[in-house]
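A structural walkthrough
Letter by letter, the chains look like this.
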Amino acid sequence: MESSTFRSPRVLKAETSSFFTPANNGGAALHPQDANTPTLFRPLQIRDVTLKNRVMVAPMCMYSTNPDPDSPAVGALTDFHVAHLGHLATKGAGLVIVEATAVQPNGRISPNDSGLWQTGTDSEQFKGLRRVVEFAHSQGAKVGIQLAHAGRKASTVAPWLSSEGKKSSVKADDSVGGWPSNVVGPSGGEQHIWAPGVVKFWPPRELSTVEVEEVVRAFAESAKLAVQAGVDVIEIHGAHGYLLNEFLSPVTNRRTDQYGGSFENRTRIVREVATAIRAAIPPGIPLFLRISATEWLEDQPVAAETGSWDMESSIRLAKLLPELGVDLLDVSSGGNHQAQKFQPHTNYQIDLAATLRKEIRAAGHPTLVGAVGLITEAEAARSIVQGADEAQVAEAMISGTEPKADVVLMARQFLREPEWVLTAAKKLNVPISLPLQFARGLL
């Protein structure tokens, strides 16, 4: 006799969220160990964090936080960021990295930038970040945060307010929440303005040795707060002409103390920041470092005068990363001097990543490498990381095709195509899980 009791199936709530949402995990391969599943859609474990695929959302400044220095919500992520980053999490990205987040108030690019310098877990900055993390986790994505200090590129207004659009910047003065007298760099003075005569920036003042040490501590404190907010991955921003990049380069670092001069001294702040963060966060949390692998100043007069940060420098730094506890090198380029000369093309930064990965592996180091820049097509992303999975090493050796990187990072492509991960899986014939609420439109 059949039971007269009938129970309807129940929609399962995501366990990690305080609000109701179905538990999602879009973008995860249904058969990750199948020989036909490309590396792009195979899980990747970094320390205690497992990413469901090798696609990462690179940090993108949105210039959309409260700029009022007297408001407790200054620099705090808002509902906009929950919608923006949460949507990318819903649509299948393995790791969503929160935009460059300043570790000190004067480390913001603009007054409208994200920050995480307020102490305590009851601050608006902490609570805003936690909301983004909570939603992204409910959709099956991991969350990273890029900790940054803008250095001499600080205190400008949002780029869309520039009279010349992308070609120029406008200085942010006190009337819009800027800090003209507290823009800082490794070296100071009018000669160290970013691109004088071309774009408009404030002249930096030189950080004292004590202030440099305060910057190091600020990175560590922000990292600790980020982890308390639930962030899975910390990235140090050492690229694009911002403060740490300015210290690395002999073009912008003319100091005579222990943070200037030799390669060892110029890299000291990056080494100290990495060491301080690693000591401040749990051992299972991955640590990334983004660098400009080259300033693109080779053969330029300024490089002949002072030297520059180039691929040789990056290779030397990359080989130091394991002892610093850095797990992944995120390879970008340029942005530290207006005399840079390069022609962007599909592989212009992918080739840099490939070179660094080869050097790292030749040195016997396990540091992972991320490729970023002009990655838009599924097949291109697939080819960049194919064979990087340990289970596919033999396959790569047989084919003679060495992976160029271990993960791919994309930013603007996600602005154009938020569902990129889902469409890439379809193009590559990879069966994946779909976000439940969108599945009917994606099948």
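Since the model is a prediction, treat every value here as computed from it, not as a measurement.

Analysis parameters
- Residues numbered from 1 in each chain as written.
- Predicted model: local features only at pLDDT ≥ 70, side-chain atom pairs only at ≥ 80, totals over all residues.
- Heavy atoms only, no water.
- 1 Å grid on protein atoms, 1.4 Å probe; cavity = no way out; pocket = protein on both sides within 12 Å on 5 of 7 lines; lining within 4 Å.
- Points joined across faces, edges and corners; volume = space filled by probe spheres on them.
- Nonpolar A, V, L, I, M, F, W, Y, C, P; charged D, E, K, R; others polar.
- Helix = DSSP H or I, 4+ residues; strand = E, 2+ residues; numbered from the N terminus.
- Buried < 20%, exposed > 50% of the residue type's maximum accessible area, 1.4 Å probe, protein only.
- Contact = heavy atoms within 4.5 Å.
- Core = buried A, V, L, I, M, F, W, Y, C linked by side-chain atoms within 4.5 Å.
- Salt bridge = Lys/Arg side-chain N within 4 Å of Asp/Glu carboxyl O.
- Phe/Tyr/Trp six-rings, centres within 6.5 Å; stacked < 30°, edge-to-face > 60°.
- Lys NZ or Arg CZ within 6 Å of the ring centre and 35° of its normal.
- Pairing = 2+ DSSP bridges.
- Axes fitted to C-alpha atoms, helices over the stretch in contact; angles between N-to-C directions.

1. With respect to empty space enclosed by the protein
One pass over the full model with this rule turns up two cavities of 30 Å³ or more. Quantified by volume, the largest cavity comes out at close to 60 Å³. Its residues assigned to classes, the lining of the largest cavity shows six nonpolar, five polar and two charged. Taken as a whole, the second largest cavity encloses approximately 50 Å³ of empty space. Along its surface, the second largest cavity is lined by G75, A76, L77, V98, T101, S114, G115, L116, Q125, L129 and I145. At the level of secondary structure, the elements contributing two or more residues to the lining of the second largest cavity comprise β4 (95-102) and α2 (124-138). Broken down by class, the residue content of the lining of the second largest cavity amounts to six nonpolar, five polar and no charged.

2. Description of the environment of A89
In this fold, A89 is placed in helix α1 (residues 79-90). Owing to a relative accessible area of 0%, A89 belongs among the buried residues under this scheme. In this structure, the C-alpha to C-alpha distance between A89 and M56, residues 33 residues apart in sequence, is 10.0 Å. Aside from chain neighbours lying at most four places away, what touches A89 is V96, A136, Q139 and A141.

3. As for the nonpolar core
Judged by nonpolar contacts, the single largest core of 110 residues is most densely connected at F41, L129, I234, I269 and W420. The element contributing the most residues to this core is helix α3 (residues 209-228), with nine residues. The contact partners of F41, leaving out residues within four places of it in the chain, are G27, A29, K52, N53, V421, A424, A425, L428, V430 and I432. Among the nonpolar cores identified, the runner-up in size contains nine residues, and I109, A150, W179 and W202 belong to it.

4. Here we look at the pattern of salt bridges
Using the criterion set out here, one finds 13 salt bridges in the structure. The partner of R47 in a salt bridge is D327, and the shortest N-O contact between them spans 2.9 Å. A residue pair is termed long-range when its members are at least 10 positions apart, and R47 in the loop between β1 (44-46) and β2 (49-51) and D327 in the loop between α9 (321-324) and β10 (328-332) qualify at 280 residues. By relative accessible area, R47 is classed as partly exposed at 31%. For D327, a relative accessible area of 14% puts it in the buried group. The partner of R290 in a salt bridge is D330, with the nearest N and O atoms 2.8 Å apart. With a gap of 40 residues between them, R290 in strand β9 (residues 287-292) and D330 in strand β10 connect regions that are remote in the sequence. Each member of the pair R290 and D330 is classed as buried.

5. Notes on the packing of aromatic side chains
Enumeration over the complete set of coordinates arrives at seven aromatic pairs. Here F342 and Y348 contribute two aromatic rings whose centre-to-centre distance is 5.7 Å and whose plane-to-plane angle is 5°, an arrangement assigned as stacked. Residue Y348 is classed as buried on the basis of its relative accessible area, which comes to 16%. These aromatic residues form a ring-pair network of at least three members: W296, F342 and Y348. A cation sits over an aromatic face here: K91 above F438, 4.5 Å from the ring centre.

6. Here's the deal with the sheet that holds strand β12 (residues 407-410)
One closed barrel accounts for eight strands, arranged β3-β4-β5-β8-β9-β10-β11-β12; its pairing is parallel. For this sheet, the mean angle separating the axes of adjacent strands, direction not counted, is 25°. Summarising the sheet, β9 and β10 pair through five bridges and their orientation is parallel. Note that in β10 the partner of I291 across the bridge is V331. Of the strands in this sheet, β5 (142-148) and β8 (233-238) touch α3, which is tilted by about 160° from β5.

On their own, these measurements won't tell you what the molecule is for.
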